[in-house]
Amino acid sequence: MRLLLPLLLASPLALAKTVDVSSPDGKITLTLSDEGAPHYHVSYAGKAVINPSKLGFYFAHAAPLSDDLTISHSERHSADTTWQQPWGEQRLIRDHHNELAVTFSDPEAAEQSYTVRVKVFNDGLGFRYELTGKERPDYRITDELTEFALAGQDNEALWIPARGWNRYEYVYNRTNTAEAAHVHTPFTVKMKNGIHLSIHEAALVDYAGMTLNQRRPGTFKADLTPWSDGIAVKTKNGFTTPWRTIQIADKATGLLNSHLILNLNEPNKLGDVSWVKPGKYVGIWWGMHINENTWGSGDKHGATTENTRKYMDFASEYGFDGVLVEGWNQGWDGDWFYNGDLFSFTESYDDFDIEAIAKYGDKRGVKLIGHHETSGNVSNYRQQMDAAFALYQRHGVSQIKTGYVADGGNIKRLDEQGIARYEWHDGQFMVNEYLHNIKLAAEYQLSINTHEPIKATGLRRTYPNWITREGARGQEFNAWGTPPNPPAHTPMLAYTRMLAGPMDFTPGIFDMGFNGLGADTNRPQTTLAKQLALYVVLYSPIQMAADLPRNYLAKPAAFQFIQDVPTDWEKSQAIAGEMGEYVVFARKERQRDNYSGKDWYLGAITD
């Protein structure tokens, strides 16, 4: 018996080929298996959602972690807690999940291993890789093998193309999944059996952004956005990947009511963030887009001391917190899209007195909202960032809108030798650059609204000063886009981009006739009621009243809604909708201090 006992104890481990974990309500199950090669599959209410899909990595200078691995260890945990957002679409978030960590190892080389950690919630799941071995000091990942093999045929999808020149700023396509060749996430699918799912990622830190490449019909493979030298990720030993997420629901509104992405991020790392303030703002912005003003200096310059004071007067009288001013700093003259080297973030044009404006705003109870456009030259911005933040802090600025306008793969950086290299907006270099901006801003108690950003992955939980961002085709396309945003665009945003997090869409255009109202005119394809509904449907903790002040004064009843609608909510609930067709949201205003927050707001938009 002494000889047989060790063999009997080892046999369950030796025979272990599959391990599964289910959601607390039992509907979602993820199964991990080593049969043939490491893979996983997912079911919902007993129906297949993700068929067997590969896991693993290829490296430039190390053995792959792919086929010859078996399950060597597993652990389980569960959690059911509630946490509070400092601001958000919902004050209290429940984190209720079951967790499974499974280690895949090479039986002949135990150091060749990785762990897949899975968390399954009632609204979906996330899994990530954890490499903690000591066989190498660093890694150069050339390929992540993760697949998402959709079950069934003739599934319908909402998607935009990946790795295009215009970043995430495309009109969404609604097609059969077969037509979605290479796509950004969130990638949202309605399966033929009625199940809805959306594939994305959470907690994207020090890693390349994941796009999805359809290699075989219905099978989407992780396609990491590479560095300029072709390497996907440059990382050290002991790294973890972002969470690969799949939100799952039996109807479209279930996706909208999910908090999966937030729950897979780490809690607030900044401590007291009472200085991060939700609110509403106006700005010197729309006038440039419709050619009434210019960003550059001259007779039509928008960012002047006089004009900013007028906007501050308007903001003060009608209850807005701040005034955004674009075009105040040196560097906008000429073709600024290509002249990012010339921007100064501390020197203003002669007709803009930042000190006088800050004092004037202080008297009127209105803050100046800062603006930094880089035109994609992030090295120039990095060199000036400390001084630029210090300047704003001295003048009472608490929020900054940043811009990274450049074609998708034309972000300019200087390497260690000072040689210019060009990177993608969603590659590892820029993932880290955006986060550096957020962390440094927090040291100056500044909140950041990033335009031309990396996609949202829930990091607003960890860094609450990352207050909002763009990352989709916004309102400005209604000024000069050819074509402008179609009527279906904003309902599609609800089921795609908005699943990732808040968006600064800049709603509130009242004058649709600035180019005329003829049938063949390039004009906004929207209505006044829809512009108001966007304040409820497209969530952001800071919302802009984007039109010119005179257009609001011409429609006082509609303008009153913008004055009244909150931007911080106690509870949010999508109560009706179909994917890309229509959506109805109800939101209850936030409870704060002695104010109970009794009012509900309803917003509904269609295609």
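Rules and cut-offs
- Each chain carries its own residue numbering, running from 1 in the written order of its sequence.
- For this predicted model, a pLDDT threshold of at least 70 governs which residues receive local features, and a threshold of 80 or more governs which side-chain atom pairs are given and counted, while totals over whole chains, interfaces and linings are taken from all residues.
- Only hydrogens and water are removed before side-chain values are computed, so all heavy atoms of the structure are retained for them.
- A cavity here means a set of 1 Å grid points, computed over protein atoms only, where a 1.4 Å probe fits but cannot escape. A pocket is an open set with protein on both sides within 12 Å along at least 5 of 7 lines, and lining residues have an atom within 4 Å of a point.
- Grid points are joined across faces, edges and corners, and a volume is the space filled by probe spheres set on the points.
- Numbering of helices and strands runs from the N terminus; a helix is a DSSP stretch of H or I covering at least four residues, while a strand is a stretch of E covering at least two.
- Any residue that is not Ala, Val, Leu, Ile, Met, Phe, Trp, Tyr, Cys, Pro, Asp, Glu, Lys or Arg is counted as polar, Gly included; the first ten are nonpolar and the last four charged.
- When accessible area is computed with a 1.4 Å probe and restricted to protein chains, residues below 20% of their type maximum are described as buried, those above 50% as exposed, and intermediate ones as partly exposed.
- By the convention used here, strands pair only if DSSP detects at least 2 bridges between them.
- Only the stretch in contact is used when a helix axis is fitted, and all axes are lines through C-alpha atoms; the angle between N-to-C directions ranges over 0 to 180 degrees.
- Throughout this description, a polar contact denotes any pair of N or O atoms lying within 3.5 Å of each other; where both atoms belong to protein, one of them has to be capable of donating a hydrogen while the other can accept it, and for residues adjacent in sequence the pair is counted only when both atoms sit in side chains.
- Contacts are residue-level and defined by heavy atoms, with any inter-residue pair within 4.5 Å sufficient.
- Given the number of residues in a helix, its expected span is that number minus one, multiplied by 1.5 Å.
- Oblique is the label for any angle not covered by the other classes, which are roughly parallel (under 35 degrees), roughly antiparallel (over 145) and roughly perpendicular (65 to 115).
- Here pLDDT means the predictor's own confidence in every residue, given as a number from 0 to 100.
- Side-chain rings of Phe, Tyr and Trp, where Trp is taken by its six-membered ring, are said to pair if the distance between their centres is within 6.5 Å; with planes under 30 degrees apart they count as stacked, over 60 as edge-to-face, and otherwise as tilted.
- Working rule: Lys NZ or Arg CZ, within 6 Å of ring centre, within 35 degrees of ring normal, means a charge sits over the ring.
- When a carboxyl oxygen of Asp or Glu lies within 4 Å of a side-chain nitrogen of Lys or Arg, that pair is called a salt bridge.

**Q** Even after reading the chapter, I still don't get empty space enclosed by the protein, so can you show me in this structure?
**A** Empty space among the atoms becomes visible once a probe the size of a water molecule is rolled across them. Following the criterion strictly, the structure yields seven cavities of 30 Å³ or more and no others. Put simply, the largest cavity is a space of about 310 Å³. What lines the largest cavity is a set of 23 residues, among which Glu89, Leu256, Ser258, Met498 and Leu499 lie closest to the centre. For the lining of the largest cavity, the secondary structure elements donating two or more residues are α2 (252-256), α3 (260-263) and β31 (582-589). Looking at the lining of the largest cavity, the element that brings in the most residues is α3, giving three residues. Of the residues in the lining of the largest cavity, the class split is 13 nonpolar, seven polar and three charged.

**Q** Which parts of the structure should I look at to understand the pairing of strand β16 (residues 196-202)?
**A** For β16, a buried count of seven out of seven residues is recorded, marking the element as mostly surrounded by other parts of the structure. Burial along β16 is two-sided: His196, Ser198, His200 and Ala202 and Leu197, Ile199 and Glu201, pointing in opposite directions, are all buried. Once strand β15 (residues 187-190) ends, the chain turns through five residues before running back antiparallel as β16, passing Gly194 with a positive phi of about 95°. Of the strand pairs in this sheet, β16 and strand β20 (residues 243-249) are connected by seven bridges, and their pairing is antiparallel. Along β20, the bridge assignment pairs Ser198 with Gln247.

**Q** Where do I start with the sheet that holds strand β32 (residues 600-606) in this structure?
**A** The pairing of strands in a sheet happens through backbone hydrogen bonds and is either parallel or antiparallel. Reading across from one edge, β30-β31-β32 is the order of the three strands in this open sheet, with antiparallel pairing throughout. This sheet does not close on itself; its edge strands, each paired only once, are β30 (569-578) and β32. Sheet twist, expressed as the average angle between the axes of neighbouring strands with direction ignored, equals 15°.

**Q** In this structure, what is going on with the side chain of His196? I would like to understand it.
**A** Assignment of secondary structure puts His196 in strand β16. Polar side-chain contacts of His196 include one of 3.0 Å to the backbone oxygen of Gly194. Look past the residues within four positions of His196 in its chain and what remains in contact with it is Val189, Lys190, Gln247, Ile248, Ala249, Asp250, Lys251, Ala252, Leu255 and Met579.

**Q** What exactly am I supposed to notice about the pairing of strand β2 (residues 28-33) here?
**A** With respect to burial, β2 is a largely interior element, six of its six residues being buried. Residues Ile28, Leu30 and Leu32 line one face of β2 and the alternating positions Thr29, Thr31 and Ser33 line the opposite face, and both faces are buried. The pairing of strand β1 (residues 18-22) with β2 spans five bridges and is antiparallel. In the sheet register, Val19 faces β2, and the bridge partner there is Leu32. Turn length for the β1-β2 hairpin, with the two strands adjacent in sequence and antiparallel, is five residues, and the turn residue Gly26 shows positive phi of about 80°.

**Q** Looking at this model, I keep getting lost on unusual backbone geometry. Mind explaining?
**A** Among all residues save glycine, negative phi is the norm, and among peptide bonds the norm is trans. Residue Pro186 follows Thr185 across a cis peptide bond; omega there is 0°. Checked against the element boundaries, Pro186 lands in the loop between β14 (182-183) and β15. Following Thr482, the chain continues to Pro483 via a peptide bond in cis, the omega torsion being 0°. Structurally, the position occupied by Pro483 is in the loop between α9 (477-480) and α10 (489-494).

**Q** Just checking my understanding: could you explain helix α8 (residues 428-443) for this structure?
**A** The periodicity of an α-helix, 3.6 residues per turn, causes residues three or four places apart in sequence to face the same way. With 16 residues, α8 should cover 22 Å at 1.5 Å per step; its first-to-last C-alpha distance of 23 Å lies within 8% of that length. Within α8, burial applies to Gln428, Phe429, Met430, Val431, Glu433, Tyr434, Leu435, Asn437, Ile438, Leu440, Ala441 and Ala442. Once α8 ends, the next one or two residues include Gln445, with phi positive near 55°.

**Q** Just to check I follow, could you spell out the packing of helix α11 (residues 528-537) against helix α13 (residues 556-564) for this structure?
**A** How two helices sit against one another is set out by the angle between their axes and by the gap between those axes. For the pair α11 and α13, interaxial distance at closest approach is 10 Å and the crossing angle is 10°. Taken as axis vectors, α11 and α13 run roughly parallel relative to one another. Contacts between α11 and α13 involve Leu528, Leu532, Tyr535 and Val536 on the former and, on the latter, Ala558, Phe561 and Ile562. Residues belonging to the contact of α11 with α13 are distributed by class as follows: seven nonpolar, no polar and no charged.

**Q** Sorry if this is basic, but what is going on with the confidence of the model for the protein here?
**A** For any part of a model where pLDDT is low, the fine detail of the predicted coordinates should not be relied upon. Residues with a pLDDT of 70 or more make up 96% of the protein, whose mean pLDDT is 95. Contacts of residues 1-13 to residues separated by more than four positions or lying in other chains number two contacts, the stretch itself having pLDDT below 50.

**Q** Looking at this structure, how should I read the packing of aromatic side chains?
**A** Centre distance and the angle of the planes are the two values used to describe a pair of aromatic rings. The full count for this structure, using the stated rule, is 36 aromatic pairs. Ring centres of Tyr114 and Tyr129 lie 5.4 Å apart, and the angle between their planes is 70°; this geometry places the pair in the edge-to-face category. Taken together, the residues Tyr114 in strand β8 (residues 109-121) and Tyr129 in strand β9 (residues 124-130) connect sequence positions 15 residues apart. Assigned by exposure class, Tyr114 and Tyr129 land together as buried. When the ring of Phe320 is compared with that of Phe559, the centres are 6.0 Å apart and the planes differ by 20°; the resulting orientation is stacked. Separated by 239 residues along the polypeptide, Phe320 in the loop between α5 (305-318) and β22 (322-325) and Phe559 in helix α13 bring together distant segments of the chain. Judged by its relative accessible area of 4%, Phe320 falls in the buried class. Take Phe559: its relative accessible area is 2%, and that puts it in the buried class. Members of the aromatic cluster, connected to one another through ring pairs, are Trp295, Trp332, Trp336, Phe343, Phe345, Tyr381, Tyr404 and Tyr434. We note Lys234 situated over the ring of Trp227; from NZ or CZ to the ring centre the distance is 4.3 Å. In this structure, Arg461 packs its charged tip against the face of Trp83, placed 3.7 Å from the ring centre.

**Q** Please explain the pattern of salt bridges as it appears in this structure.
**A** If charged atoms from side chains of opposite charge come close, those side chains can pair. In the structure shown here, the tally under the stated rule is 30 salt bridges. Note that Arg128 is salt-bridged to Glu130, the shortest N-O span being 3.0 Å. A relative accessible area of 21% means that Arg128 is categorised as partly exposed. With a closest N to O distance of 3.0 Å, Arg364 and Asp313 form a salt bridge. Placement of Arg364 in helix α6 (residues 354-364) and of Asp313 in helix α5 is noted, with a sequence separation of 51 residues between them.

**Q** Can you walk me through the sheet that holds strand β6 (residues 70-84) in this structure?
**A** Taken in spatial order, the nine strands line up as β6-β7-β8-β9-β20-β16-β15-β12-β13 in an open sheet, and their pairing is antiparallel. Strands at the two margins of the open sheet, each flanked by one partner only, are β6 and β13 (173-176). If you compare each strand with its neighbour and ignore which way they point, the axes differ by 20° on average. Note that strand β12 (residues 156-159) and β13 share four bridges and pair antiparallel. Across the sheet, Leu158 pairs through a bridge with Arg174, a residue of β13.

**Q** How do you make sense of α5 when you look at a structure like this?
**A** Over its 14 residues, α5 extends 20 Å from the first C-alpha to the last, a length consistent with the 20 Å expected when each residue adds 1.5 Å. Looking at the buried side of α5, the elements it contacts are β21 (279-284), β22, α6, β23 (367-373), α12 (549-553) and α13. At the exit of α5 stands Gly319, carrying a positive phi of roughly 85°.

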